[in-house]
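So the chains spell out like this:
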Amino acid sequence: MSPYDIRQAREADLDGARGVMFDTFYREFGYGYRPEWHADAVDLKAAYLQPVRHALFVAAKDDEIVATTGVRAVAPASPPHPGWLAARYAGGATAQLFRVYVRPEHRRCGLARELVRVATEFVANEPTYSVLYLHTDTRVPGAEAFWRSMATEVYDNRDGDPIGFQTVHFEIPLGR
């Protein structure tokens, strides 16, 4: 029996989920909160709980939220992503995966994989979605290998710039 409870977030989970997200922005990514990228994390209720096609999933251990994954009906923005990529996912049929974060002391327990599985199931069961899209910065340790184990590459946007993001774009099959 796992000590973790994987579930769709409730309003009572939002402060803990926000804590996981902001800790990731500051401690893991090192650049902190950026409103142009992270506005959804400020008002999680409006971003994930209120829209019927959106969802936030959490992993809890006892009363602590230790991991998150979100789904929103939004296409990738251009810029920073290429215009053709944003156009490919425009029109409202795209679910985008966001905030797949696990607190460091809870990693290597299968939480991210299970949260992504639950999020994918949510998207597959929503008939208005046709695709589940995500992108990742490959400089995050383990990110590229993780996504390649469960998703299909759509576009590799790496340019070798040591300062800029080294982004790869993926789709997760819905299994319908």
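Right above here is the structure, for reference.
Residues numbered from 1 in each chain as written. Predicted model: local features only at pLDDT ≥ 70, side-chain atom pairs only at ≥ 80, totals over all residues. Heavy atoms only, no water.

Draft legend 1. Spotlight on the packing of helix α1 (residues 14–28) against helix α2 (residues 35–42). For the pair α1 and α2, the least separation of the axes is 10 Å and the interaxial angle reads 160°. The angle between α1 and α2 places the two elements in the roughly antiparallel class. Packed against α1, whose contacting residues are Arg 18, Met 21, Phe 22 and Phe 25, the element α2 presents His 38, Ala 41 and Val 42 at the interface. Taken together, the residues that form the contact of α1 with α2 break down as 5 nonpolar, 1 polar and 1 charged. (Axes fitted to C-alpha atoms, helices over the stretch in contact; angles between N-to-C directions. Helix = DSSP H or I, 4+ residues; strand = E, 2+ residues; numbered from the N terminus. Parallel < 35°, antiparallel > 145°, perpendicular 65-115°, else oblique. Contact = heavy atoms within 4.5 Å. Nonpolar A, V, L, I, M, F, W, Y, C, P; charged D, E, K, R; others polar.)

Draft legend 2. Representation of the environment of Pro 104 within the structure. Residue placement: Pro 104 occurs in the loop between β4 (94–102) and α5 (111–124). A relative accessible area of 44% places Pro 104 in the partly exposed class. Spatially, the C-alpha atoms of Pro 104 and Val 71 are 22 Å apart, while their sequence positions differ by 33 residues. (Buried < 20%, exposed > 50% of the residue type's maximum accessible area, 1.4 Å probe, protein only.)

Draft legend 3. Representation of the layout of surface pockets. Its boundaries defined by the atoms lining it, the largest pocket holds a volume of some 1,600 Å³. Looking at the lining of the largest pocket, the elements that each hand over two or more residues are α1, α2, β4, α5, β5 (131–137) and α6 (143–148). For the lining of the largest pocket, the leading source of residues is β4, giving 7 residues. Residue classes in the lining of the largest pocket are distributed as 26 nonpolar, 11 polar and 11 charged. (1 Å grid on protein atoms, 1.4 Å probe; cavity = no way out; pocket = protein on both sides within 12 Å on 5 of 7 lines; lining within 4 Å. Points joined across faces, edges and corners; volume = space filled by probe spheres on them.)

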